[in-house]
Amino acid sequence: MLIRIINEQFNMLGIGGQHRVLSFAEVLVRLGTDVELVSPYFRCNYKYFKNNYNDFYIDRRKLYDSRNSLKSFIDNTLILLYKEVLSNLPDAYIIGLPSPLLRGFISYLAWMRKIPYVLDFGDPWLSPSDPVSWRKLMDKLLINFVNLAPAIMVPNKWFKEFVILTFKRYTYLSDERLVELENKIHIVYPASLNIADESSIRKRLDRDPFTMVHLGDLRGITALKLLTHLIRQLHLRNKKVAIMVIGGGKYAMALKSYVGLHGFDDKISINIIEPVTRFDAYKYLMQGHIGLSFHEGMYWKPINELKIVDYLSAGLPVFSTHGTDILINNYNSLIFNDSNTFINSIINMIDNRSILEKISLNAISTVKTCCSISTVGGKLLLILKKSLMY
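Note that the structure is predicted; figures quoted are calculated from it, not measured. (Residues numbered from 1 in each chain as written. Predicted model: local features only at pLDDT ≥ 70, side-chain atom pairs only at ≥ 80, totals over all residues. Heavy atoms only, no water.)

Draft legend 1. Representation of the sheet that holds strand E3 (residues 42–45) within the structure. Judged by pairing direction, the sheet is mixed, and its seven strands sit side by side in the order E3-E2-E1-E4-E5-E6-E7 without closing on themselves. Edge positions in the open sheet fall to E3 and strand E7 (185–187), since each of these has one partner strand only. With direction set aside, neighbouring strand axes in the sheet form an average angle of 20°. The pairing of strand E1 (residues 2–6) with strand E2 (residues 34–39) spans five bridges and is parallel. Note that in E2 the partner of leucine 2 across the bridge is aspartate 34. Of the strands in this sheet, strand E6 (151–154) and E7 are in contact with helix H8 (residues 175–184), which crosses E7 at around 40°. (Pairing = 2+ DSSP bridges. Helix = DSSP H or I, 4+ residues; strand = E, 2+ residues; numbered from the N terminus. Axes fitted to C-alpha atoms, helices over the stretch in contact; angles between N-to-C directions. Contact = heavy atoms within 4.5 Å.)

Written out as structure tokens, the structure is:
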């Protein structure tokens, strides 16, 4: 069976929703399915791509530069459609959306050729800064794509609700049609690439210094304010800690400068790690005690889902400004909305390693249930099988 996954880019380094569909590719290959990656710029067998990913790197800054909007439109519609018309037929498609949503036009080709396909949404199809007219056009395109598609995959329940609300804004949904739409939209979490064993988690519990990990570039002023406040309080209370940022970013550099300038570096260290692939991130995550997740913006976005899955996979309790489906407050995570709760909870975790152990093991339990290779792979294959019969 050959599954063709379509997305604008598949960079294994750096941020982006492509990591979601790449996790699906890894799952399917581990389960014995052939996978081909297709973008407007290359076509490649996943196994070859995985070993030579640097050869297929695409500069996201140029790709998403507003001056290249016309090129992106042509690349993701005419060029992609033309290449697919000339290609051999896969057994099924997974079409990654929405950057841009216009790539959904490839679903019309799959439908006409009677090839089963699934639309996967890794991100919203609009931004609050988009003009109203553009957002309305994208909403109506979304409705057409979803109506035609055999199945839709989304990363959390809020995103599913937002898709349904978009339909209700423009279309009357009878009770029967609503049930049909709900059954078509499947919540599928990103797959965990590696799950820590309990013995390795127990071994690191008493390791010093207490280490907080942030996976990905440190972004947003909220994160910077929370961390500077935390650092100040930890230093006052004579706590020796390390903050590891895997990816860096300007705010990570600002945080490191803040620690040095205020003389906090006798107890607080900021370690900045260059961007790594998800496969390589695991060894760094295993050096931590907790994972940090900050978010500013629309609550219904698939907020840091990949990051959260990777934290849980390494047995790191997630300290987060937001909730999502797989985060259960005080079970595998701590969800906070003010700096005092954030700071006091971290100090409590530093001082009470038995609580840290319990929540760390709960994290592993969660990810085994929701995001393992067998769980995500089984769900993907079932969805694809159902789309064959649509």
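Draft legend 2. A look at helix H11 (residues 250–261). Across its 12 residues, H11 extends 16 Å between first and last C-alpha, which sits within 8% of the 16 Å expected from 1.5 Å per residue. Those residues of H11 lying buried are Ala252, Leu255, Tyr258 and Val259. Buried residues of H11 fall within an arc of 115° about the axis and therefore sit on the same side. Counted as exposed and oriented over 90 degrees from the buried face of H11: Lys250 and Leu261. After H11 finishes, the residue glycine 263 shows a positive phi value of roughly 70°. (Expected span 1.5 Å × (residues − 1). Buried < 20%, exposed > 50% of the residue type's maximum accessible area, 1.4 Å probe, protein only. Arc of directions from axis to C-beta.)

Draft legend 3. Summary view of the environment of valine 376. Take valine 376: it is sitting in helix H16 (residues 373–388). Given the relative accessible area of 3%, valine 376 is considered buried. Each C-alpha atom of the pair valine 376 and serine 23 lies 9.5 Å from the other, and the pair is 353 residues apart in sequence. If we skip the residues at most four places from it in the chain, valine 376 touches Phe24, Val27, Val188, Tyr189, Pro190, Ala191, Cys370 and Cys371.

Draft legend 4. Structural view of helix H12 (residues 278–285). Among the residues of H12, Arg278, Ala281, Tyr282, Tyr284 and Leu285 are the ones counted as buried. Buried residues of H12, viewed axially, fall in a sector of 165°; they line one side. Here the buried face of H12 lies against helix H1 (18–30), helix H9 (198–204), strand E8 (210–215), strand E9 (241–246), strand E10 (268–273) and helix H13 (305–313).

Draft legend 5. The pattern of salt bridges, seen in detail. Tallied over the entire structure, the rule returns 16 salt bridges. For aspartate 120, the salt bridge identified is with arginine 20, shortest N-O distance 2.8 Å. Of the two residues, aspartate 120 sits in strand E5 (residues 117–121) while arginine 20 sits in helix H1, which places them 100 residues apart along the sequence. When its relative accessible area of 1% is taken as the criterion, aspartate 120 is described as buried. The partner of lysine 71 in a salt bridge is aspartate 75, with the nearest N and O atoms 2.8 Å apart. Here lysine 71 pairs with aspartate 75, and both are found in helix H4 (residues 69–86), just four residues apart, close to one helical turn. Overall, lysine 71 belongs to the partly exposed group, its relative accessible area being 48%. One network of salt bridges, in which partners are shared, links Arg4, Glu36, Arg43 and Glu84. (Salt bridge = Lys/Arg side-chain N within 4 Å of Asp/Glu carboxyl O.)

It is worth stressing that arrangement in space is one thing and function is another; only the former is reported here.
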